[in-house]
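If you want the building blocks of each chain, they are given just below.
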Amino acid sequence: MGRSKRKATQISQITTTATISDLPNHITSDILSRLPLCSVFACKRVCKPWRDLTLEPCFAKSHLSRYPPSLVFYRIGTKFPSHFEILQLHDPPALCHPTTTVKFKTEIHSPRMLTELVASCNGSILLSDSSCNDVIVFNLLRAQRIVLPKPPKSALKAHNFVSLGFGHSPTTDRYKVLRLTYTPGPARLCCDIYTIGIDDRWRSIGDTGQPPAFIISQIILLNGVLHWIGDGNSRFIYYFDVEKEQFGSFPLPSHIESSCDCLGVVDNRLYLHDELSVDEWKVWTMKDYGDFGSWTLEWVIERPITNRFGGSHKPLKTFKDGSLLMMFSGLCPRINVMKTTLASYNPQTRVLEEIKYRGVVLLWGASVADVPCFCSPMAALK
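The present account deals with the structure reproduced in this document. Note that this is a predicted model, so its numbers are computed, not measured.

Quick look at the pairing of strand β14 (residues 225-231)
Moving on, step 1. By the criterion of burial, β14 is predominantly enclosed, with six of the seven residues buried.
Moving on, step 2. Summarising the sheet, strand β13 (residues 220-222) and β14 pair through three bridges and their orientation is antiparallel. Within the sheet, the bridge partner assigned to I220 lies in β14 and is H227.
Moving on, step 3. The turn linking β13 back onto β14 is made up of two residues, and N223 within it adopts a positive phi angle of 55°.
Moving on, step 4. Sheet topology note: the β14/strand β15 (residues 235-241) ladder contains seven bridges and is antiparallel. Of the residues in β15, the one forming a bridge with L226 is F240.

Here you go:
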């Protein structure tokens, strides 16, 4: 009997002295990667070992695979520094946390520059002024800010039209910024590339080798390739392989309206739609990436339904119940800022309902859909 008591006492002592700090690092990292974003930041302040774990590439990849898609808002400050806010798009919205936004300061004042949120890639944001000459890459979760060098003087002509793209090569883990310059009369499309952490200046690769066409859409990233719509003699989808640094193009299918001018990504697929169509809002998706015959009419919504919210609109994701999450953006005249409305469209009932996120009064500022990530654009250097 006495021996049993001594054994129980020893077990009790072992149990009470063991703490989470005694766990192997890979188990602690796995636990932290499952926490909501606010909780991760709270844990980073507990001790240096936990902070260091959140900076490891394995933690960043694990957290990225578990974190829900989000909207990142860039809110421009004049008297005070601009800041970002992240809104998690939980599925369904009713299950989201009471406080759904996380705020990040940038220490950037906007009157002089950086008034445009251009693109995002793995949680890093590309900011630019209206001329695309002052460019910054900002990683929210790591509080990293990378100022890109000025473009070459030859690209700074007043009559040039400049577009920026931001991409990542999964193979080399390198991040690149693409600068496309369209010069009319005679038409010419030239390209400069900047590899973050590698280049100390923009690299010119001259003409793209494709028929010069005016860029009419955003430059979006999918599968390590940047895509955009170019309008020349006819409309094509142009692309740039981030790793190989090679250009290509393919025509829009004949059964898709030539007026389609919006290109994006939804549910890891390319989509096309016509922002200015009068009667119906049609969204086409490429079912199988690279199969140009797989474009399918995915959603058709009558204009009276979408006109309820006004402004530009885009699909964000498909919920588990089959409904489509949509984002509507337009200028709010009362406060003179961009306002975002989120809504869910049910294809079966053809009903579009506004989504109210708890803890969020007003969504305003330029926004982009992305999954915030602890991956660093400078990771390839390590």
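Once the structure has been displayed, the description carries forward.
Looking at the sheet that holds strand β9 (residues 174-183)
Moving on, step 1. On the basis of which strands lie adjacent, the open sheet formed by four strands has the order β8-β9-β10-β11 and antiparallel pairing. On the outer flanks of this sheet lie β8 (161-169) and β11 (203-207), each paired with one strand and no other. Each strand of the sheet is rotated relative to its neighbour by a mean of 20°, with strand direction disregarded.
Moving on, step 2. As defined by bridge partners, β9 adjoins strand β10 (residues 188-195) across eight bridges and the pair is classed as antiparallel. Of the residues in β10, the one forming a bridge with Y182 is L189.

Comments concerning a nonpolar patch on the surface
Moving on, step 1. Nonpolar side chains collect at one region of the surface, where I20, L23, I27 and I31 lie side by side and expose about 270 Å² of accessible area between them.
Moving on, step 2. When you line up the elements, I31 lands in helix α2 (residues 25-33).

Here we look at the sheet that holds strand β17 (residues 262-266)
Moving on, step 1. One open sheet accounts for four strands, arranged β17-β18-β19-β20; its pairing is antiparallel. Either end of the sheet is taken by a strand with one partner, and the two such strands are β17 and β20 (295-302). Across the sheet, the mean angle separating the axes of adjacent strands is 30° when strand polarity is ignored.

Examining the packing of aromatic side chains
Moving on, step 1. Applying the stated criterion across every chain, the model contains 13 aromatic pairs.
Moving on, step 2. Seen in terms of ring centroids, F161 and F214 are 5.2 Å apart; in terms of plane orientation they differ by 90°. Their pairing is edge-to-face. Of this pair, F161 sits in strand β8 while F214 sits in strand β12 (residues 214-215), and the two are 53 residues apart along the sequence.
Moving on, step 3. For F161, a relative accessible area of 42% puts it in the partly exposed group.
Moving on, step 4. The class of F214 is partly exposed, set by a relative accessible area of 32%.
Moving on, step 5. The rings of W228, F236, Y238, F240 and F247 are connected pair by pair, giving a single aromatic cluster.

A closer look at the side chain of H227
Moving on, step 1. Assignment of secondary structure puts H227 in strand β14.
Moving on, step 2. At 3.1 Å, the side chain of H227 and the backbone oxygen of V225 are in polar contact.
Moving on, step 3. Polar contacts involving the side chain of H227 include one to the side chain of Y289, which spans 2.7 Å.
Moving on, step 4. With residues near it in sequence (within four places) discarded, H227 still touches Q218, I219, I220, L222, I237, Y238, Y239, L263, L270 and Y289.

Examining the environment of G311
Moving on, step 1. Position of G311 among the secondary structure elements: in the loop between α6 (303-306) and β21 (312-318).
Moving on, step 2. Considered as a pair, G311 and F328 are 17 residues apart in the sequence and their alpha carbons are 6.1 Å apart.
Moving on, step 3. Leaving out residues up to four positions away in the same chain, G311 has contacts with E275, S329 and G330.

Regarding the pairing of strand β16 (residues 246-251)
Moving on, step 1. Two strands pair when backbone bridges link them, and β15 and β16 are joined in this way by six bridges, in the antiparallel orientation. Paired with Y239 across the bridge in β16 is G248.
Moving on, step 2. In textbook terms, the turn of a hairpin is the stretch between consecutive antiparallel strands, and for β15 and β16 this stretch comprises four residues, one of which, E245, has a positive phi near 55°.

Thresholds applied
Residues numbered from 1 in each chain as written. Predicted model: local features only at pLDDT ≥ 70, side-chain atom pairs only at ≥ 80, totals over all residues. Heavy atoms only, no water. Buried < 20%, exposed > 50% of the residue type's maximum accessible area, 1.4 Å probe, protein only. Helix = DSSP H or I, 4+ residues; strand = E, 2+ residues; numbered from the N terminus. Pairing = 2+ DSSP bridges. Axes fitted to C-alpha atoms, helices over the stretch in contact; angles between N-to-C directions. Patch = residues over 30% accessible without salt bridge, like charges linked within 9 Å, V, L, I, M, F, W, Y side chains within 5 Å. Areas by Shrake-Rupley, 256 points an atom, 1.4 Å probe, with all protein chains shown as cover. Salt bridge = Lys/Arg side-chain N within 4 Å of Asp/Glu carboxyl O. Phe/Tyr/Trp six-rings, centres within 6.5 Å; stacked < 30°, edge-to-face > 60°. Polar contact = N/O pair within 3.5 Å; in protein donor to acceptor, adjacent residues only side chain to side chain. Contact = heavy atoms within 4.5 Å.

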